[in-house]
Amino acid sequence: QVQLVESGGGLVQAGGSLRLSCAASGTFFSINRMGWYRQAPGKQRELVAVVTTGGSTNYADSVKGRFTISRDNTKNTVYLQMNSLKPEDTAVYYCNALVNDPDAADYWGQGTQVTVSS
């Protein structure tokens, strides 16, 4: 079983910054892709950013140049540095990991609220 525990959400003014963290724990062989998704009220969950084991990244167009995803493979942790936050970034942010357990399986965190005030 794999657990993903997120931290770092909160309330921030527009233009501010937040850093999200997500640590994976449990028994597994390895982690492939790790990433962040978000879901705003009344909207579908959408990709924010993902990072592979080798460090390749992919971002949603709406966050390019403002958000940076990174990971520490020694700690099985993924980070999301969010700068120049906008009210439209307000959402619940979910951590996601594709874990070899040993078969590949998707795991999700419980989510952390990010609220950006104007």
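Further up the page is the structure itself.
This section reports on the structure supplied with the text. (Residues numbered from 1 in each chain as written. Predicted model: local features only at pLDDT ≥ 70, side-chain atom pairs only at ≥ 80, totals over all residues. Heavy atoms only, no water.)

Things to note about the packing of aromatic side chains
- Within the structure shown, the criterion is met by one aromatic pair.
- Taken together, a centroid distance of 5.0 Å and an interplanar angle of 65° make the contact between tyrosine 37 and tryptophan 108 edge-to-face. On the criterion of sequence distance, the pair formed by tyrosine 37 in strand S4 (residues 30-39) and tryptophan 108 in strand S10 (residues 104-108) is long-range, its members being 71 residues apart.
- Residue tyrosine 37 is classed as buried on the basis of its relative accessible area of 18%.
- Its relative accessible area of 38% is what places tryptophan 108 among the partly exposed residues.
- Here the basic side chain of arginine 45 rests over the ring of tyrosine 94, its NZ or CZ set 3.7 Å away from the ring centre.
- Here the guanidinium or amino end of arginine 45 rests over the ring plane of tryptophan 108, the centre of that ring lying 4.7 Å away. (Phe/Tyr/Trp six-rings, centres within 6.5 Å; stacked < 30°, edge-to-face > 60°. Helix = DSSP H or I, 4+ residues; strand = E, 2+ residues; numbered from the N terminus. Buried < 20%, exposed > 50% of the residue type's maximum accessible area, 1.4 Å probe, protein only. Lys NZ or Arg CZ within 6 Å of the ring centre and 35° of its normal.)

With respect to the pattern of salt bridges
- According to the stated counting rule, one finds five salt bridges in the structure shown.
- When the shortest N-O distance is used, the salt bridge between arginine 38 and aspartate 89 registers 3.0 Å. Highlighted residues: arginine 38 in strand S4 and aspartate 89 in the loop between strand S8 (77-82) and strand S9 (91-100), separated in sequence by 51 residues.
- Its relative accessible area of 1% is what places aspartate 89 among the buried residues.
- Bridged by salt links that share partners, the residues Arg38, Glu46, Arg66 and Asp89 form one connected network. (Salt bridge = Lys/Arg side-chain N within 4 Å of Asp/Glu carboxyl O.)

Focus on the state of the cysteines
- Applying the stated criterion to the full structure yields one disulfide.
- With a sulfur-sulfur separation of 2.0 Å, cysteine 22 is cross-linked through a disulfide to cysteine 95. For the disulfide bridge between cysteine 22 and cysteine 95, the dihedral angle about the S-S bond is near -80°, and by the sign convention the bridge is left-handed. Remark: cysteine 95 occurs in strand S9 and cysteine 22 occurs in strand S3 (residues 18-26); sequence separation between them is 73 residues. (Disulfide = S-S within 2.5 Å.)

Scope: geometric values only; no functional claims are made or implied.
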